[in-house]
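Listed below, chain by chain, are the residues.
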Amino acid sequence: MNLFQVYPLFNINPVKAEGSFLWDDKGEKYLDFYGGHAVISIGHNHPHYQNKLKNQLNEISFYSNSVQNDLQIELAEKLGKISGYDNYSLFLCNSGAEANENALKLASFHNGKKKVIYFSGSFHGRTSAAVSVTDNPKIVAPVSFSERFIKCEWNNVAQLKQLFAENQDEISSVIIEGIQGVGGIILPTEEMIQALKNLCAENEVVLIMDEVQSGYGRSGKFFAHQEFDIQPDLITVAKGMGNGFPIGGVLISPKFEASHGLLGTTFGGNHLACAAGIAVLEVIKNENLVENSEKTGAYIESKIQDFKHIKSIRRRGLMIGIELDQSCAEIRSNLLRKHHVFTGNSNDPNVLRILPALNISEKEADIFIDALYSVL
């Protein structure tokens, strides 16, 4: 049997990782400035993370959600405390797409309505409803297309108000990223966020904030939306939540009422996943990684802002989009081939996407900065 070839692959086979570095099967060392799509939040093989998982493996790694699991309670309590959402509930699942899928479903259960507003440039996942609110027709299969999903232009308040007026009694939810990641590190305006907050409240519409990429300290706040005076009804998380272990979740406002069988998952919230999630939160807290995200992100921006060929830098914390005056493909390739630095791209071909671990040091950042200067 062969692999189903859906990924364009670099000819690199990483076999070892530590901190912000990878080594391939030939012994070559690479700086990881992309973290596998913002997944590596506390660095590869952090000792506390390793020990937590090893110890859990010695106890129990999995049983179904038909039994008590104190690790789920511990994870929920620690996440509520560090995020400022103590009074919310947590539903655990396996990925960002699954978190968004459950959020969209929960919203519809709650108000009995069908339609969903999403935004241009969005990426919310590849499962049925999640891909329907993703602005990429190439990955939306015919079975997932529906007129129930309505696209609004990003930061277009006038169009948003018009869509609410036209579909006033039918909109179940609005889903929006705290910061658009795949779209190219695109930031929402204060006007858009406040309009969303008010329109949703006035029309009994559920506001879903997708913090899958922009959450967990990535933006210099625990959640990107905390830059604004807003508390979404549902907040979805994944990626950096498990530092590489598959885990996702939905933070759920107290106004939602749970009932047996309303949501469900086989693997979500298993013992190993919870151990990984707890370890990540403990490291973020103990090592002040939210603060380091902003500090080191600002350092990187200050060092590269005058480099040739950079048109603009879009940044919150360590979520950085570097807009070039040309396609970033060759720049990204040269960073990897000549300087052994992993970076990312986006839907905008000119935007280089930077998503290093939140505990990256200035010394490690200088490796990227020097490499970028050389390539540009």
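As shown above, the structure is provided for reference.
Described below are features of the structure shown in this document. (Residues numbered from 1 in each chain as written. Predicted model: local features only at pLDDT ≥ 70, side-chain atom pairs only at ≥ 80, totals over all residues. Heavy atoms only, no water.)

1. Notes on the environment of Leu234
Residue position: Leu234 is located in strand β9 (residues 234-237). A relative accessible area of 0% means that Leu234 is categorised as buried. The spacing of Leu234 and Asn69 is 165 residues in sequence and 23 Å in space, taken between C-alpha atoms. (Helix = DSSP H or I, 4+ residues; strand = E, 2+ residues; numbered from the N terminus. Buried < 20%, exposed > 50% of the residue type's maximum accessible area, 1.4 Å probe, protein only.)

2. Considerations on the sheet that holds strand β12 (residues 319-324)
With antiparallel pairing, three strands are arranged side by side in an open sheet as β11-β12-β14. For this open sheet the edge positions go to β11 (310-316) and β14 (351-354), each flanked by a neighbour on one side alone. Pairwise comparison of adjacent strand axes, ignoring direction, gives a mean angle of 15° for this sheet. Relative to β14, β12 runs antiparallel, the two sharing four bridges. Counted as the bridge partner of Glu323 is Val351 from β14. (Pairing = 2+ DSSP bridges. Axes fitted to C-alpha atoms, helices over the stretch in contact; angles between N-to-C directions.)

3. Some details on the environment of Gly277
By the element assignment, Gly277 lies in helix α8 (residues 271-286). Separated by 225 residues in the primary sequence, Gly277 and Lys52 have C-alpha atoms spaced 9.8 Å apart. With residues near it in sequence (within four places) discarded, Gly277 still touches Leu75 and Met241. (Contact = heavy atoms within 4.5 Å.)

4. So, the pattern of salt bridges
Pairing is possible between side chains that carry opposite charge, provided their charged atoms lie close to one another. Enumeration over the complete set of coordinates arrives at 14 salt bridges. Close ionic contact of Glu227 with Arg316 constitutes a salt bridge, the shortest N to O distance being 2.9 Å. Of this pair, Glu227 sits in the loop between β8 (206-210) and β9 while Arg316 sits in strand β11, and the two are 89 residues apart along the sequence. A relative accessible area of 38% places Glu227 in the partly exposed class. Salt bridges sharing common partners tie together Lys52, Glu74, Lys78 and Glu282. (Salt bridge = Lys/Arg side-chain N within 4 Å of Asp/Glu carboxyl O.)

5. Details of the sheet that holds strand β1 (residues 14-18)
Reading across the sheet, the four strands line up as β1-β2-β3-β13 and stay open at both edges, with mixed pairing between neighbours. Among the strands making up the open sheet, the edge pair consists of β1 and β13 (341-342). Note: β1 against strand β2 (residues 21-24), four bridges, orientation antiparallel. Paired with Lys16 across the strands is Trp23, a residue of β2. With respect to the sheet, helix α11 (residues 362-375) is in contact with β2, β3 (29-32) and β13, its orientation differing from that of β3 by roughly 95°.

6. Some points on the nonpolar core
Buried together is how nonpolar side chains tend to be arranged in soluble globular proteins. In terms of nonpolar packing, the biggest core is built from 59 residues, with Ile322, Phe368 and Leu372 touching the most fellow members. Sorting elements by how many residues they give to this core places α8 first, with 11 residues. Here Phe368 is in contact with Leu31, Phe33, Ile300, Ile322, Leu335, Val341, Thr343 and Ile354, once residues within four sequence places are set aside. In terms of nonpolar packing, the next biggest core, distinct from the first, is built from 23 residues, Ile117, Phe119, Val157 and Phe164 among them. (Core = buried A, V, L, I, M, F, W, Y, C linked by side-chain atoms within 4.5 Å.)

7. As for the packing of aromatic side chains
Taken as a whole and judged by the stated rule, the model has 10 aromatic pairs. Taking 4.6 Å as the distance between ring centres and 15° as the angle between the ring planes, the aromatic pair formed by Phe33 and Phe368 counts as stacked. With a gap of 335 residues between them, Phe33 in the loop between β3 and α1 (35-38) and Phe368 in helix α11 connect regions that are remote in the sequence. Between the aromatic rings of Tyr216 and Phe222, the centroid separation amounts to 4.9 Å while the plane-to-plane angle is 50°, which identifies the pairing as tilted. The class for Tyr216 is buried, based on a relative accessible area of 2%. Among the aromatic side chains, those forming a connected cluster through ring pairs are Tyr85, Tyr88, Tyr216, Phe222 and Phe223. Between Lys16 and the ring centre of Trp23, over which it is positioned, the NZ or CZ distance is 4.9 Å. The ring of Phe21 has Lys29 sitting right over it, with the charged end atom 4.3 Å from the ring centre. (Phe/Tyr/Trp six-rings, centres within 6.5 Å; stacked < 30°, edge-to-face > 60°. Lys NZ or Arg CZ within 6 Å of the ring centre and 35° of its normal.)

8. Thoughts on the packing of helix α9 (residues 289-304) against α11
The contact between α9 and α11 brings their axes to 10 Å, and the two run at 25°. One finds that α9 runs roughly parallel with respect to α11. Crossing hand, α9 versus α11: right-handed. Every residue of α11 that contacts α9 at Lys295, Thr296, Tyr299, Ile300, Lys303 and Ile304 is listed here: Glu362, Ala365, Asp366, Phe368, Ile369 and Leu372. A breakdown of the residues in the contact of α9 with α11 according to their chemical character gives seven nonpolar, one polar and four charged. (Parallel < 35°, antiparallel > 145°, perpendicular 65-115°, else oblique. Left-handed = near helix turned anticlockwise from the far one by under 90°. Nonpolar A, V, L, I, M, F, W, Y, C, P; charged D, E, K, R; others polar.)

9. Considerations on helix α3 (residues 70-83)
In this model, α3 (14 residues) spans 20 Å end to end at C-alpha, consistent with the 20 Å of a helix rising 1.5 Å per residue. Along α3, the positions that sit buried rather than exposed are Leu71, Leu75, Leu79, Gly80 and Ser83. Buried residues along α3 cover an arc of 165° about the axis, so they all sit on one side. In α3, the exposed positions that point more than 90 degrees away from the buried face belong to Asp70, Glu77 and Lys81. Each element contacted by the buried residues of α3 is listed here: α2 (47-57), β4 (89-93), β10 (248-252) and α8. Here α3 starts with a cap whose side-chain oxygen sits 3.0 Å from the backbone nitrogen of Leu71, and that cap is Asn69. Gly84 sits one or two residues past α3 and shows a positive phi near 85°. (Expected span 1.5 Å × (residues − 1). Arc of directions from axis to C-beta. Polar contact = N/O pair within 3.5 Å; in protein donor to acceptor, adjacent residues only side chain to side chain.)

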